[in-house]
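Chain residues, written in single-letter form:
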Amino acid sequence: MSEHRLGIVVEGGGIRGIYAAGVLDVLLEQKLPVKGLIGVSAGAIHGCSFVSGQKGRSLRFYKCFCADDRFFSFKTLLKTGNIVDTQFCYHDIPYIYDPFDNDAFKNSGIAYYVTCTNVETGHPEYLHLTDMDTEMDGLRASASLPYVSQIVKFRNMKLLDGGCSDRIPLKAFENLGFDRNIVISTQPRSHQVKDRDAYLARLFYRKYPRFCEAFANSPRAYEETQKYMDKAQAEGRSFIIRPQESLGIKRLTHDPTDVQRGYDAGQRDALAALPNLLDWLRGF
């Protein structure tokens, strides 16, 4: 095992991404020799709690606050320019209501990355974050959905949701040195991206033509990623955990039963995959 660097790659998906939190909590119990984790959007949020070792945290605060307008709502969008209340979600929750263990995060020994989209270049940015007290805006950028979020300025870049350019950054994480990866996808293999609203990008982001081009190319890029994942799995470089069929959960839902259902599905699929996963790990 020492000759390889084990990573975890986590897809987003809004509230549907709670599926990944269920998988991650099962993996956390196994105390796997994980060296790095990269997440996209909601996947980055849930991955953060994995790195800090806080099992159940994502489920807890998602169920508690998903019906709160401050968690996300068009009322908040009209009031603040962001569909999520930045103060509430990225400061009040992790520091007051459900504290994030930043010390455990920093001392975990797991390199933590988030994927964002650079609106000026249209390219994905894979940001290594080491201290959530000072770098929370990097995580916020990864989960800042286009149209309903303000562009986040971080490290002299203008950033939005990583899913606009690289929804499942397996290839990028391999290039960063993590040569064996557990990939958590929140969609079945049959899923096809249909960004019907991508054409609006040229209206909303006309100052950023490269971002518009990348966003429009998102469906094709996603299918190319799926094929790359298939190949990586066939060659033994990756182990994929994903639902066999659609979870039937909207990207944005205020129903805590949807949250629980998505989390439970992730737990079931991870537990079912665990014997094969452990065999895969022993084969390194």
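Provided above is the structure to which this section pertains.
A.B. asks: Please provide a residue-by-residue account of empty space enclosed by the protein, values included.
C.D. replies: Evaluation of the coordinates by the stated rule reveals three cavities of 30 Å³ or more. As a volume, the largest cavity reaches approximately 500 Å³. Ile-45, Tyr-62, Cys-89, Tyr-90 and Ala-143 are, among the 31 residues lining the largest cavity, the residues nearest its centre. Breaking the lining of the largest cavity down by element, the ones donating at least two residues are helix H2 (42-51), helix H3 (57-65), helix H5 (86-97) and helix H7 (132-142). In terms of residue count, H5 provides more of the lining of the largest cavity than any other element does, five residues in total. A class-by-class count of the residues in the lining of the largest cavity yields 21 nonpolar, seven polar and three charged.

A.B. asks: Please give an account of the packing of aromatic side chains that cites residues and values.
C.D. replies: This structure, assessed with the given rule, holds 20 aromatic pairs. Note on Phe-88 and Tyr-97: the rings are 5.8 Å apart at their centroids and 55 degrees apart in plane angle, and the pair reads as tilted. Here Phe-88 falls in the buried class, since its relative accessible area comes to 1%. Geometrically, the ring pair formed by Tyr-113 and Phe-173 is edge-to-face, given 5.6 Å between the ring centres and 75 degrees between the ring planes. A residue pair is termed long-range when its members are at least 10 positions apart, and Tyr-113 in strand S3 (residues 111-118) and Phe-173 in helix H8 (residues 170-175) qualify at 60 residues.

A.B. asks: Which residues make up H5, and what values do they have?
C.D. replies: Since there are 3.6 residues in each turn of an α-helix, residues three or four apart along the chain are aligned in direction. Its twelve residues place the ends of H5 only 14 Å apart at the C-alpha level, less than the 16 Å of an ideal helix rising 1.5 Å per residue. Each element contacted by the buried residues of H5 is listed here: H2, H3 and H7. For H5, the side-chain oxygen to backbone nitrogen distance between the N-cap and Gln-87 is 3.1 Å, and the N-cap itself is Asp-85.

A.B. asks: Break down the packing of H3 against helix H12 (residues 256-282) for me, with residues and values.
C.D. replies: The description of two helices packed together rests on the angle between their axes and the distance between the axes. Across the interface, H3 lies against H12 with an axial gap of 8 Å and an inter-helix angle of 160 degrees. For the element pair H3 / H12, the angle class is roughly antiparallel. The two elements H3 and H12 meet at a crossing, and its hand is right-handed. Contacts between H3 and H12 pair Leu-59, Tyr-62 and Lys-63 from the former with Pro-256, Val-259, Gln-260 and Tyr-263 from the latter. Taken together, the residues of the contact of H3 with H12 break down into five nonpolar, one polar and one charged.

A.B. asks: A description of the side chain of Gln-187 should follow, citing residues and the corresponding values.
C.D. replies: Among the structural elements, Gln-187 can be located in the loop between strand S7 (180-184) and helix H9 (201-204). Gln-187 sits in the buried class, given a relative accessible area of 8%. Not counting residues up to four positions away in its chain, the partners in contact with Gln-187 are Glu-11, Arg-16, Tyr-222, Arg-242 and Pro-243.

A.B. asks: Provide a residue-level description of the environment of Leu-176, including the pertinent values.
C.D. replies: Here Leu-176 lies in the loop between H8 and S7. Residue classification places Leu-176 among the partly exposed residues on the basis of a relative accessible area of 34%. For the pair Leu-176 and Ala-104, spaced 72 residues apart in sequence, the C-alpha to C-alpha distance is 23 Å. The residues touching Leu-176, leaving out its near neighbours within four places in the chain, are Arg-5, Tyr-113 and Tyr-126.

A.B. asks: So what's going on with the environment of Asn-82? Residues and values would help.
C.D. replies: On the secondary structure map, Asn-82 appears in the loop between helix H4 (74-80) and H5. Note on Asn-82: relative accessible area 7%, which makes it buried. Distance from Asn-82 to Ser-149, taken between C-alpha atoms, is 4.3 Å for residues 67 residues apart in sequence. For Asn-82, the side chain forms a polar contact with the main-chain nitrogen of Gln-150, separated by 2.7 Å.

What counts and how
- Residues numbered from 1 in each chain as written.
- Predicted model: local features only at pLDDT ≥ 70, side-chain atom pairs only at ≥ 80, totals over all residues.
- Heavy atoms only, no water.
- 1 Å grid on protein atoms, 1.4 Å probe; cavity = no way out; pocket = protein on both sides within 12 Å on 5 of 7 lines; lining within 4 Å.
- Points joined across faces, edges and corners; volume = space filled by probe spheres on them.
- Helix = DSSP H or I, 4+ residues; strand = E, 2+ residues; numbered from the N terminus.
- Nonpolar A, V, L, I, M, F, W, Y, C, P; charged D, E, K, R; others polar.
- Phe/Tyr/Trp six-rings, centres within 6.5 Å; stacked < 30°, edge-to-face > 60°.
- Buried < 20%, exposed > 50% of the residue type's maximum accessible area, 1.4 Å probe, protein only.
- Expected span 1.5 Å × (residues − 1).
- Contact = heavy atoms within 4.5 Å.
- Polar contact = N/O pair within 3.5 Å; in protein donor to acceptor, adjacent residues only side chain to side chain.
- Axes fitted to C-alpha atoms, helices over the stretch in contact; angles between N-to-C directions.
- Parallel < 35°, antiparallel > 145°, perpendicular 65-115°, else oblique.
- Left-handed = near helix turned anticlockwise from the far one by under 90°.

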